[in-house]
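# Structure at a glance
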Amino acid sequence: MLKPFYIRAYALLAALSIGLFSAVDVLYLLWAGMSWTQIGVLSAVFNVAVLVTELPSSVVADVVSPRLALLTGLLARAAGLVAFAVGGGFWAFFFAEALAGVGMAMTSGSFDKILVNSLSGADKGAISDGYGAISRLASLGNGVGLALGVLVFW
């Protein structure tokens, strides 16, 4: 069994939130008056922010603390979500996408490190079971998030 509980809860909720947002983000930006070109640029901003901060975030997780990196990433993602909610134009959404990208980079590697640390000392079967459990929870969370996103949009 994968312990502690917060690892399973985080895997499920993180995937749920990503699924929920990905179901409506383009529609939300269209509703907010963004053109298709602007939406493409905003999507690129997110991906570039992830790319640029992936290595520095792994240094923070490896050298300082994976929990600190995870918390910092979650705060950046939350700030990005708030910026999306209150943003009124292209530059507000640009900032929101950049924050979300930094948050994604900070959370991805740090969560993996926390997961690996929680499985240290376990045998190969337990490690395989742990990764399988995380994969199933992430799939479930993503599917539920997508369904909720469609309902929210509808």
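Chains are numbered independently. Their residues run from 1 in the order of the written sequence. Two thresholds apply to this predicted model, a pLDDT of at least 70 for residue-level local features and 80 or more for giving and counting side-chain atom pairs, whereas whole-chain, interface and lining totals are computed over all residues. Note that water and hydrogens are dropped before the side-chain values are worked out from all heavy atoms of the structure.

### What to know about a nonpolar patch on the surface
Candidates for patches are residues over 30% relative accessible area with no salt bridge; among them, like charges are joined within 9 Å and nonpolar side chains (Val, Leu, Ile, Met, Phe, Trp, Tyr) within 5 Å. Using a 1.4 Å probe, the Shrake-Rupley method yields the accessible areas, and only the shown protein chains count as cover for residues. Any Lys or Arg side-chain nitrogen located within 4 Å of an Asp or Glu carboxyl oxygen qualifies as a salt bridge. Taken together, Leu55, Val59, Val63, Val64 and Leu68 make up a surface patch of nonpolar side chains, about 490 Å² in accessible area. By definition, any uninterrupted DSSP run of H or I lasting at least four residues is a helix, any uninterrupted run of E lasting at least two residues is a strand, and each is numbered from the N terminus. Per element, the largest residue contribution to the nonpolar patch is four residues, and it comes from helix α2 (residues 36-64). Locating Leu55 in the fold gives a position in helix α2. Each residue is placed in one exposure class: buried if its accessible area under a 1.4 Å probe, protein chains only, is under 20% of its type's maximum, exposed if it is over 50%, and partly exposed if it falls in between. Assessed through its relative accessible area of 63%, Leu55 is described here as exposed.

### Notes on the environment of Met106
Following the sequence through the fold, Met106 ends up in helix α4 (residues 90-118). Since its relative accessible area comes to 10%, Met106 is described here as buried. Considered as a pair, Met106 and Pro66 are 40 residues apart in the sequence and their alpha carbons are 9.1 Å apart. When near neighbours in sequence (up to four residues on either side) are disregarded, Met106 contacts Ser57, Val60, Ala69, Leu70, Thr72 and Gly73. Note on contacts: a residue pair is in contact if any heavy atoms of the two residues lie within 4.5 Å.

### Observations regarding the packing of aromatic side chains
Aromatic pairs are defined between Phe, Tyr and Trp rings, using the six-membered ring for Trp, whenever the two ring centres lie within 6.5 Å; interplanar angles under 30 degrees are classed as stacked, those over 60 as edge-to-face, and all others as tilted. In this structure the tally under the stated criterion is six aromatic pairs. Taken together, a centroid distance of 5.9 Å and an interplanar angle of 80 degrees make the contact between Tyr28 and Phe93 edge-to-face. Here Tyr28, found in helix α1 (residues 5-31), pairs with Phe93, found in helix α4; they are 65 residues apart in sequence, far enough to count as distant. Aromatic ring contacts, followed pair by pair, group Tyr28, Trp31, Phe84 and Phe93 into a single cluster.

### Thoughts on the environment of Val26
Structurally, Val26 can be placed in helix α1. Looking at Val26, the relative accessible area reads 30%, which means it is partly exposed. With 62 residues separating them along the chain, Val26 and Gly88 place their C-alpha atoms 15 Å apart. Beyond its immediate chain neighbours, meaning those up to four positions away, Val26 contacts Trp36 and Ile39.

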